[in-house]
Amino acid sequence: MIRETIIRSAVVDDIPTIVSLWRMLQETNALHDPYLTPGDGAEDWFREYLKAQMNGALGIFVALRDGEIVGYTFGQIVQRPTLAAGECGYVADLCVRPDARGLGLGRRLYERLRLWFHENGVHSIEVQVVRANPASQAFWRKMGFGEFLKTLRTEI
Ligand SMILES: CC(C)(COP(=O)(O)OP(=O)(O)OC[C@H]1O[C@@H](n2cnc3c(N)ncnc32)[C@H](O)[C@@H]1OP(=O)(O)O)[C@@H](O)C(=O)NCCC(=O)NCCS
């Protein structure tokens, strides 16, 4: 059966589904590293954040399969005032529902966000990858990313 897939900009009505995918992403990350367990109220905070940013400040895109949202990504332009580049694109989240993985939707979501960055004059894109998440590591390398900084952490 051929299933129709499309990538489009997110709208306010998509927020509940995006939030449920966001929760899945947080749960995945927390399984890989408990430090990433979301705090109480994180979901409400994220929902309100998305609502407030639906004015074009973020690039937010969803992947649909047969009319149903099965993935999303969002990113923002981050100021880097001390660098010659001045700013960069930052991929905040990208998640595809497990039953829709391996179909190229993750790549298409990223490519749509990359186009949004490009249209906004951005020429470098950063993403933070959970070290303990091998799928994420492999995916971003396939998207052409290479390491340039490492985030270190200690408990005090
Ligand atoms: C990582 C994730 C977004 C990939 O989505 P997807 O739709 O399955 O990816 P695609 O089908 O577009 O694959 C794109 C490429 O990445 C590779 N890839 C994807 N998942 C992979 C995995 N688990 N292991 C190795 N390579 C993988 C594919 O082989 C493909 O390579 P190709 O284009 O050379 O064939 C998805 O598995 C996911 O949502 N995971 C949980 C959340 C997460 O870790 N998100 C990323 C951090 S923000």
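Residues numbered from 1 in each chain as written. Predicted model: local features only at pLDDT ≥ 70, side-chain atom pairs only at ≥ 80, totals over all residues. Heavy atoms only, no water.

Peer 1: What should I look at first to understand the overall build of the protein in this one?
Peer 2: Helix and strand counts for the protein come out as four helices and five strands. The linear arrangement of helices and strands in the protein, starting from the amino end, is β-α-α-β-β-β-α-β-α. What you see for the protein is a C-alpha radius of gyration of 16 Å, in line with the 15 Å of a compact globule of 156 residues. Judged by the C-alpha coordinates and their principal axes, the protein covers about 50 × 35 × 30 Å. The proportion of buried residues among the 156 residues of the protein is 36%. The contacts of the protein with a sequence gap of at least 6 include a subset with a gap of at least 24, amounting to 64%. Accessible surface, the protein: about 9,700 Å² in total, of which carbon and sulfur atoms supply 53%. Across the protein, the mean location of the 18 positive side-chain charges is 6 Å away from that of the 19 negative side-chain charges. (Helix = DSSP H or I, 4+ residues; strand = E, 2+ residues; numbered from the N terminus. Rg over C-alpha atoms; globule rule 2.2 N^0.38 Å. Buried < 20%, exposed > 50% of the residue type's maximum accessible area, 1.4 Å probe, protein only. Contact = heavy atoms within 4.5 Å. Areas by Shrake-Rupley, 256 points an atom, 1.4 Å probe, with all protein chains shown as cover. Lys, Arg positive; Asp, Glu negative; His and termini not counted. Charge placed at Lys NZ, Arg CZ, Asp CG, Glu CD.)

Peer 1: Could you clarify how one ought to interpret the site of the ligand in this entry?
Peer 2: Within the structure, the ligand sits among 19 residues, and L94, V96, G102, G106 and R107 are positioned closest to it. Measuring from an oxygen atom of the ligand, one finds a backbone N or O atom of G104 at 2.9 Å. Surface burial for the ligand is 73%, taken as the share of its 910 Å² of free accessible area covered by protein chains. Broken down by element, the shell around the ligand gets its largest block of residues, six residues, from helix 4 (residues 134-142). (Near = heavy atom within 4 Å. Polar contact = N/O pair within 3.5 Å; in protein donor to acceptor, adjacent residues only side chain to side chain.)

Peer 1: Can you help me understand the sheet that holds strand 4 (residues 86-96) in this one?
Peer 2: Think of a sheet as strands paired side by side through backbone hydrogen bonds, with each pair either parallel or antiparallel. Here we have five strands laid out as an open sheet, ordered 1-2-3-4-5, and mixed in their pairing. Pairing within the sheet leaves two strands with one partner each, and these edge strands are strand 1 (5-9) and strand 5 (125-127). Direction aside, the axes of adjacent strands within the sheet are offset by 25 degrees on average. By the bridge criterion, three bridges tie strand 4 to strand 5 in an arrangement that is parallel. The partner of Y90 across the bridge, within strand 5, is E126. Along the sheet, helix 1 (residues 15-32) contacts strand 2 (58-65), strand 3 (68-80) and strand 4; its crossing angle with strand 3, the most-contacted strand, is approximately 80 degrees. (Pairing = 2+ DSSP bridges. Axes fitted to C-alpha atoms, helices over the stretch in contact; angles between N-to-C directions.)

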